[in-house]
Amino acid sequence: RKHRQSKHRLCPNLALSFLARVTRHFPRLPSRFVEPVKSLWRRSPSAFPVVSMSRTSALLEDGKQLSKHIQQALALATNPEQRSHLLQALHLTHSLATDIQFHSLPAAGAGFTVPFKVLTFNIENGGDGISFDKIVEAVQVADPDVVCLSEACDSTGRLAEALGWKHYNDGMQIISKYPVFEPSGADGAFAFCEVRQGHVVVICNVHLPDDFYGPDALRDGADPKEVVESAAESALPAVEIHLEVLPELVKKGFPVIVTGDFNTPSHLDYGEDVKDEEVLWPVSQAFEAAGFRDSYRDVFPDPVANPGYTWPAFRPDVPDTTEDDIDWALPTIYSHDRIDYIYVSGPAKTVASHLMGEESCEHVDIAITPWPSDHRAVLSAFTLTPAPLPTMLSVAQRVVEVGEHLHVAFNSDDPALINMQTIRIQQSSDSAENEAPEPEPVVTVDISPEAEVRPLAFKCRPSLAHHERARRRRKSNPVPPSGLKQSHSDPGPLFEAAQAHLEAEELALEAAGEGAASPVKPRPEVEESVVAPLAGSVSKASTVKIPTHGLQPGHATAVLLDDNGDELASVSFYVQPADAELLLLTDKPVYQPGEPMEVSWKYGPGSRWDWIALTRTGDDPGANPEPPKLYKYANGSAAGTLPGLFEGSITIDENCEGDLEWPLPEGTYDVFYLLSAQRSWTKKINITVAGARYTPPEPEEASV
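These numbers were taken from a predicted model, which means no experiment stands behind them.

## With respect to the overall build of the protein chain
Step number 1: Across its full length, the protein chain carries 14 helices and 32 strands.
Step number 2: Sorting the 704 residues of the protein chain into buried and exposed places 51% on the buried side.
Step number 3: For the protein chain, long-range pairs separated by at least 24 residues make up 72% of all intrachain contacts whose partners lie at least 6 apart in sequence.

Set out below in structure tokens:
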């Protein structure tokens, strides 16, 4: 009960006692981080917020020292149980440090800066080639606030779980110590990272196409002007939306960080004194023109003294690779260059930048042995001024199965009006088609089967248990401390038992009606929602769990409405049938040689770099060596910079990438749906090419 009444608690007693037990079992670990936090916990709830910033800094420094000792002990520990305890202690230490920073927020409206570390890391096909444990170790040693992955495949959530971090976004391949929202209006181009309660940083993580690699063309004697033109044609369309949207966020006062594997060098690295010639690489120039700074070159402006090459890294050989990969890191085979970046713009200053990789590289600052990827990682540290969290709506998952709950986070610029707003889920009658439905105004909350748009509306108001908790807190502490907003923090997965006990107690209260002066009654045909905090956070945003039983498979939109029914924000998501399997279809089973083939899919995984490939029947696109094939990415030029498509179509024709001849000769072929730039396929169908050569129809004459 004391635990529940503490409105501004730092962490539960269970967390502190666990860390204290681990400290007692392992004398190498200092207890000085535990005792100060215990002393804070023993104070009255209103005492913690007035802790000085110098005191907070001292606690954070103790936490860093504790982390170092735990990592040293991990290097020596051989007993699996000891290693398990040590890893849990490390995760908990990071969590405590995060909570301390989160609660040290200055008064609302005051200008303040925060430290913020970002790691960009291409983990090479999911991270299992060398050792996934080494991927985890590299992140733990770097200790960033946010990890932005490339080639994560399906390992984003897996890595977050291994780290003990609570927040991640599969579509954008981002893992964070802080709450992450993919907000309304972003359309997958960026996310908000709430580094302090109610204050955010904009994070954008991209992976540009690798179909044209300019350094190899230069090495083979190509004209530099033609190389630049080809690089622009290949890469710039992938970041066109980002170069349009992100500078506008900077103008509004947001710090913006762009990370990723860009698959192209920087013009800052190509002067006549560096590479014997100046090459104006278009992507780095475009970001510089948009106001972004290269954080590595902020710290190391001399490309001769610090080339900072990120690819390729000298990792061990990966089993079952091609013969060319035996000496794959030799300059005679691949051109070494810096192609992984962390760009920054807005109210942010670069204070440090580090290259992570193999010990044998002289320019690597942080070494892991063996290094587990073909790319080196970049770690940059900033001091930045986060911007207030704006009015927004965000879904926790971009795809939801019918019957599951949809978790929707929402925030309003005017907190006093949040309980007067409504979240509405709407679908148009063509929701099962390929194109997303156009939003239409809805002025009633009735669910009408005859209506073209069938809305489900949910009032953003608290449950009875929520009101009871608020009543108890007001009774125990009638005057909240100034400068802090009231928030309700879920202690996270380490304390599920304690949380289950509290929820059971609340349900008993609700059933008995204890202390409920004026229970909220749901309106007819409107299901009341339960406002809940984001798991493991103290976010300013609230979340609502919305049942999806009434939704049809296809596109849907969540809309935040004010009390007048006007739209404040909207965000799209996708509804799949329960246990849905990927559907892969062609527009016909038999084609003439040279005839374009329309391939469509439905209920796809929606991953970055999903692709469609065609091979001769019997050939496996995942075989080694790779067979001849034609292919296209499901999301076209934006395959690595925006989230994937759950349904859509592509055309297999002469414009496909690949080395299979076109027009296709007569015979049978297989069409595959492959996952996330990998060679593992999830669906296959068969087609036939036969008959006379295809003659395209004459174009219709335009009417006068």
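## Some remarks on a negative patch on the surface
Step number 1: A contiguous patch of negative charge, built from Asp223, Glu226, Glu229 and Glu233, is present on the exposed surface.
Step number 2: By the element assignment, Asp223 lies in the loop between helix H8 (214–219) and helix H9 (224–235).
Step number 3: Among the residues examined, Asp223 registers a relative accessible area of 38% and is labelled partly exposed.

## A few points about the nonpolar core
Step number 1: In this structure, Phe190, Leu246, Val258 and Phe262 are the most contacted members of the largest nonpolar core, which totals 31 residues.
Step number 2: Elements supplying a minimum of two residues to this core: strand S7 (199–207), helix H10 (240–251), strand S8 (256–261), helix H11 (282–289) and strand S10 (340–345).
Step number 3: Sort the elements by how many residues they give to this core and S7 lands first, with 4 residues.
Step number 4: Excluding residues that lie within four positions of it along the chain, Leu246 makes contacts with Phe190, Val202, Cys204, Val256, Val258 and Phe292.
Step number 5: If you look at the next biggest cluster of nonpolar residues, it comprises 25 residues, including Cys193, Val201, Ile257 and Leu355.

## As for the packing of aromatic side chains
Step number 1: Counting across every chain of the model gives 18 aromatic pairs.
Step number 2: Summarising the aromatic geometry, the rings of Phe262 and Phe287 are spaced 5.7 Å apart at their centres and angled 80° between planes, so their arrangement reads as edge-to-face. Taken together, the residues span a long stretch of sequence, with Phe262 in the loop between S8 and H11 and Phe287 in helix H11 at a distance of 25 residues.
Step number 3: A residue is classified by how much of its surface remains accessible, and Phe262, at 1% relative accessible area, is buried.
Step number 4: The rings of Phe262, Phe287, Phe292, Tyr341 and Tyr343 are connected pair by pair, giving a single aromatic cluster.
Step number 5: The ring of Phe132 carries the charged tip of Arg158 above its face, separated from the ring centre by 3.7 Å.

## Regarding H11
Step number 1: For H11, the full list of buried residues reads Pro282, Val283, Ser284 and Phe287.
Step number 2: Residues of H11 that are buried sit in contact with H9, H10, S8 and S10.
Step number 3: The positive-phi residue at the C-terminal boundary of H11 is Gly291, with phi of around 100°.

## Looking at the environment of Gly640
Step number 1: Here Gly640 is to be found in the loop between strand S28 (630–633) and strand S29 (648–652).
Step number 2: Counting along the chain gives 434 residues from Gly640 to Val206, while the straight-line C-alpha distance between them is 6.1 Å.
Step number 3: Apart from residues lying up to four places away in sequence, Gly640 is in contact with Val206, His207, Arg608 and Trp609.

## Brief notes about the sheet that holds strand S24 (residues 583–586)
Step number 1: Read from one edge to the other, the open sheet built from 3 strands follows the order S24-S26-S29, with strand pairing classed as antiparallel. Bordering the open sheet on either side are S24 and S29, each of which pairs with just one other strand. Neighbour to neighbour, the strand axes of the sheet diverge by 20° on average, direction disregarded.
Step number 2: As defined by bridge partners, strand S26 (residues 597–602) adjoins S29 across 5 bridges and the pair is classed as antiparallel. Its bridge partner being in S29, Glu598 is matched across the sheet by Thr651.

## Regarding the sheet that holds strand S27 (residues 611–616)
Step number 1: Spatially, the 6 strands line up as an open sheet ordered S25-S32-S31-S27-S28-S30, and their pairing is mixed. Each edge of the open sheet carries a strand with a single partner, namely strand S25 (590–591) and strand S30 (657–658).

## Re the confidence of the model for the protein chain
Step number 1: Residues with a pLDDT of 70 or more make up 64% of the protein chain, whose mean pLDDT is 75.
Step number 2: Scored below 50 in pLDDT, residues 36–56 shows 36 contacts in the model against residues more than four places distant or in partner chains.
Step number 3: In this model, residues 431–455 is a region of pLDDT below 50 whose contacts with residues beyond four sequence positions or in other chains number 55 contacts.

## So, the pairing of S27
Step number 1: The buried count for S27 comes to 5 of 6 residues, which makes it a mostly enclosed element.
Step number 2: Alignment of S27 against S28, held across 4 bridges, turns out to be antiparallel. Its bridge partner being in S28, Ile612 is matched across the sheet by Lys632.
Step number 3: Relative to strand S31 (residues 667–674), S27 is paired through 6 bridges, and the arrangement is antiparallel. Within the sheet, the bridge partner assigned to Arg616 lies in S31 and is Tyr669.

## Observations regarding helix H7 (residues 156–163)
Step number 1: Of the residues making up H7, those classed as buried are Thr156, Gly157, Leu159, Ala160 and Leu163. Buried residues in H7, looked at end-on, bunch into an arc of 160°, giving them a common side.
Step number 2: The first or second residue beyond H7 is Gly164, which carries a positive phi of 80°.

## A short note on the pairing of S28
Step number 1: Across 2 bridges, S28 lies against S30 in antiparallel orientation. Bridged to Leu630 within S30 is Gly658.

## Details of the side chain of Thr156
Step number 1: Summarising the element assignment, Thr156 is placed in helix H7.
Step number 2: Excluding anything up to four places from it in sequence, Thr156 contacts Leu149, Tyr168, Asn169, Asp170, Gln173, Ile174 and Ile175.

## Topic: the state of the cysteines
Step number 1: Inspection of every chain in the model, using the stated rule, returns 0 disulfides.
Step number 2: A disulfide-free cysteine, Cys204 has its sulfur positioned 8.7 Å from the sulfur of Cys148, the nearest such atom.

## With respect to the environment of Pro265
Step number 1: Considering the arrangement of structural elements, one finds Pro265 in the loop between S8 and H11.
Step number 2: Among the residues examined, Pro265 registers a relative accessible area of 1% and is labelled buried.
Step number 3: Sequence spacing of Pro265 and Tyr341 is 76 residues, and the spatial spacing of their C-alpha atoms is 9.6 Å.

## A look at the pattern of salt bridges
Step number 1: By the definition in use, this model includes 15 salt bridges.
Step number 2: A salt bridge links Asp294 to Arg338; its shortest N-O distance comes to 2.8 Å. Taken together, the residues span a long stretch of sequence, with Asp294 in strand S9 (residues 293–294) and Arg338 in the loop between helix H12 (295–299) and S10 at a distance of 44 residues.
Step number 3: Linked through salt bridges whose partners overlap, the residues forming this network are Asp269, Asp294, Arg297 and Arg338.

## With respect to the side chain of Asn122
Step number 1: Counting through the fold element by element, Asn122 comes out in strand S1 (residues 114–122).
Step number 2: Here the side chain of Asn122 touches Glu124 through a polar contact of 2.9 Å, landing on its backbone nitrogen.
Step number 3: At 3.0 Å, the side chain of Asn122 and the side chain of Asp261 are in polar contact.
Step number 4: Not counting the four nearest positions on each side in its chain, Asn122 is found in contact with Ser150, Glu151, His207, Asp261, Asp340, Ser373, Asp374 and His375.

Definitions and cut-offs
- Residues numbered from 1 in each chain as written.
- Predicted model: local features only at pLDDT ≥ 70, side-chain atom pairs only at ≥ 80, totals over all residues.
- Heavy atoms only, no water.
- Helix = DSSP H or I, 4+ residues; strand = E, 2+ residues; numbered from the N terminus.
- Buried < 20%, exposed > 50% of the residue type's maximum accessible area, 1.4 Å probe, protein only.
- Contact = heavy atoms within 4.5 Å.
- Patch = residues over 30% accessible without salt bridge, like charges linked within 9 Å, V, L, I, M, F, W, Y side chains within 5 Å.
- Areas by Shrake-Rupley, 256 points an atom, 1.4 Å probe, with all protein chains shown as cover.
- Salt bridge = Lys/Arg side-chain N within 4 Å of Asp/Glu carboxyl O.
- Lys, Arg positive; Asp, Glu negative; His and termini not counted.
- Charge placed at Lys NZ, Arg CZ, Asp CG, Glu CD.
- Core = buried A, V, L, I, M, F, W, Y, C linked by side-chain atoms within 4.5 Å.
- Phe/Tyr/Trp six-rings, centres within 6.5 Å; stacked < 30°, edge-to-face > 60°.
- Lys NZ or Arg CZ within 6 Å of the ring centre and 35° of its normal.
- Pairing = 2+ DSSP bridges.
- Axes fitted to C-alpha atoms, helices over the stretch in contact; angles between N-to-C directions.
- pLDDT = per-residue confidence, 0-100.
- Arc of directions from axis to C-beta.
- Disulfide = S-S within 2.5 Å.
- Polar contact = N/O pair within 3.5 Å; in protein donor to acceptor, adjacent residues only side chain to side chain.

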